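# Coordinate analysis (summary)
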Amino acid sequence: MNQPRWKKRPEGSNWGDFGPDDQLGRVNLIGPEQVLKGVKEVHEGITFCLSLPLDIPGGKVLNPRRSPPKLSPTALGDDQYINFPLAIHNPALQDVISDDQVQLSLQYSTQWDSLAHVGALFDGDADGKPERRYYNGYLADKDVLNLSQEPTHQHSSYAQRLGIENMAVHGMQGRAVLVDLVRAFGIGRTLVGHAELMVALKQLNVVVERGDMLVLRTGFAETLLEMQGSPQPDVLKNTGAVLDGRDQALLDWITESGISAICADNYAVENLDQEIEPDCCSKLPLHHHCLFKLGLPLAELWYLKDLAEWLHSRERNRFLLTAPPLRLPGAIGSPVTPVASV
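What counts, and where the lines are drawn
Residues numbered from 1 in each chain as written. Predicted model: local features only at pLDDT ≥ 70, side-chain atom pairs only at ≥ 80, totals over all residues. Heavy atoms only, no water. Helix = DSSP H or I, 4+ residues; strand = E, 2+ residues; numbered from the N terminus. Rg over C-alpha atoms; globule rule 2.2 N^0.38 Å. Buried < 20%, exposed > 50% of the residue type's maximum accessible area, 1.4 Å probe, protein only. Contact = heavy atoms within 4.5 Å. Areas by Shrake-Rupley, 256 points an atom, 1.4 Å probe, with all protein chains shown as cover. Lys, Arg positive; Asp, Glu negative; His and termini not counted. Charge placed at Lys NZ, Arg CZ, Asp CG, Glu CD. Phe/Tyr/Trp six-rings, centres within 6.5 Å; stacked < 30°, edge-to-face > 60°. Lys NZ or Arg CZ within 6 Å of the ring centre and 35° of its normal. Pairing = 2+ DSSP bridges. Axes fitted to C-alpha atoms, helices over the stretch in contact; angles between N-to-C directions. Salt bridge = Lys/Arg side-chain N within 4 Å of Asp/Glu carboxyl O. 1 Å grid on protein atoms, 1.4 Å probe; cavity = no way out; pocket = protein on both sides within 12 Å on 5 of 7 lines; lining within 4 Å. Points joined across faces, edges and corners; volume = space filled by probe spheres on them. Nonpolar A, V, L, I, M, F, W, Y, C, P; charged D, E, K, R; others polar.

### Things to note about the overall build of the protein
Each helix and strand counted, the protein has 9 helices and 21 strands in total. By the compact-globule yardstick of 20 Å for 342 residues, the protein fits well, its C-alpha radius of gyration being 22 Å. With respect to the principal axes defined by its C-alpha atoms, the protein has extents near 70 × 55 × 45 Å. The proportion of buried residues among the 342 residues of the protein is 51%. The contacts of the protein with a sequence gap of at least 6 include a subset with a gap of at least 24, amounting to 77%. As displayed, the protein has an accessible area near 16900 Å², and 50% of this comes from carbon and sulfur atoms. Of the charged side chains in the protein, 31 are positive and 43 negative; the average position of the first set lies 4 Å away from that of the second.

### Brief notes about the packing of aromatic side chains
The tally for this structure, following the rule as stated, stands at 7 aromatic pairs. Taking 6.3 Å as the distance between ring centres and 70 degrees as the angle between the ring planes, the aromatic pair formed by F122 and F292 counts as edge-to-face. Of this pair, F122 sits in strand β9 (residues 120-122) while F292 sits in helix α8 (residues 285-294), and the two are 170 residues apart along the sequence. Summarising the burial analysis for this pair, F122 and F292 share the class buried. Members of the aromatic cluster, joined through ring pairs, are W6, W15, F122 and F292. A cation over an aromatic ring shows up here: R5 above the ring of Y138, its NZ or CZ 3.8 Å from the ring centre.

### Side note on the sheet that holds strand β1 (residues 47-49)
The strands making up a sheet associate through backbone hydrogen bonding, with each pair oriented either parallel or antiparallel. Strand order in this open sheet of 9 strands is β1-β21-β19-β13-β15-β17-β18-β8-β20, and the pairing throughout is mixed. Since the sheet does not close on itself, it has two edges, and those belong to β1 and β20 (333-335), each with one partner. Between one strand axis and the next, the sheet turns through 25 degrees on average, direction left out of account. Pairing between β1 and strand β21 (residues 339-341): 3 bridges, direction antiparallel. If you follow F48 over to β21, its bridge partner there is A340. Packing against the sheet, α8 makes contact with β8 (111-113), β17 (261-264) and β18 (298-300), and its axis sits at approximately 130 degrees to β18.

### With respect to the pattern of salt bridges
The tally for this structure, following the rule as stated, stands at 15 salt bridges. Each of E33, K37, R175, E209, D212 and R318 takes part in one network of salt bridges that share partners.

### Here we look at unusual backbone geometry
Following I56, the chain continues to P57 via a peptide bond in cis, the omega torsion being 25 degrees. One can find P57 in the loop between β1 and β2 (70-73). The backbone of A126 shows a phi angle near 60 degrees, a positive value even though the residue is not glycine. At E315, a residue that is not glycine, the phi angle is positive and equals roughly 55 degrees.

### With respect to the layout of surface pockets
Empty space within the largest pocket amounts to approximately 710 Å³. Taken together, 27 residues form the lining of the largest pocket, with L145, S157, Y158, G330 and I332 sitting closest to its centre. When residues of the lining of the largest pocket are traced back to their parent elements, those giving at least two are β9, β10 (131-133), β11 (144-146) and β12 (157-159). If you tally residues by element for the lining of the largest pocket, the top one is β11, at 3 residues. Class assignment of the residues belonging to the lining of the largest pocket gives a composition of 14 nonpolar, 10 polar and 3 charged.

### Describing empty space enclosed by the protein
Here the structure, examined in full by the defined rule, presents 2 cavities of 30 Å³ or more. Here the largest cavity defines a volume of roughly 60 Å³. Forming the walls of the largest cavity are P57, G58, G59, K60, V61, L62, N63, R66, Q107, Y108, Y267 and L301. In terms of residue class, the lining of the largest cavity is made up of 6 nonpolar, 4 polar and 2 charged. Counted as a void, the second largest cavity has a volume near 30 Å³. With 3 residues, the top contributor of residues to the lining of the second largest cavity is strand β16 (residues 241-243). Of the residues assigned to the lining of the second largest cavity, the class counts are 8 nonpolar, 2 polar and no charged.

This is how it looks when you write it as structure tokens:
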């Protein structure tokens, strides 16, 4: 009989609630009922693409670790397969072939975070020694692997558990609810805690129910898009609402609301500009609460302006969201082209 991975779970977490080997967390709440609820929101058959072009933001200003996509042709020997005439090898053939490949950071632009994206040092064994763990107690180096020192392996890193493919196979489709924070607070930087979110929900007549995917428009992505691949950090720092991950009331609401995911058009969903206090235990408290404790995935840098304006013109805020990540085994994040159907 396998030994359990943990003896105690973090306070306020749901580890084990969906089973001892669960890798989906609150995504489990996106099931047939949520798909049908989403389908009921489709009245006109109109669709909206919620992705930025995947070469936006541009450069490495927002995150120096993440590189923009770089396209190149596939090759066979000395042959580069871009406008490649097969007649070079067989004069009888008329085909001209173009075939490409891409190198990119999976969380460069419009993206999903998997549950392997942010973990924490946590004493799940109750032996006084914190381990590096992820949602549901999965362990670094056993479940989320660093293979960079293993030249015989085809990968340098691999999420053997909690990889993005779990979300892809489950199917990220269901009812979503838009909260247009631009309409509530304007496009300037606003720190949104529980009180501010409740004001916005009431003002916008938004009702959030268990299983819904919460979609937040802040105006950040549309401002970024206007910069045409040359992001201006000083401007962006003062653009768009961010969630206050240090507001315990907001974290409690996320837990109690039963939402299945948070999708935002900004960078990181939460506020990254607050100074770390001496007694603080997490640089990314919202990520810690959502990804590590609840298994609630986060999505960033979505493009929501066109959808938001259309919904507002019809006095609506719900829609069918279809947003599967890449089915790339072992990946920790994924680009996504979400589609809203109304």
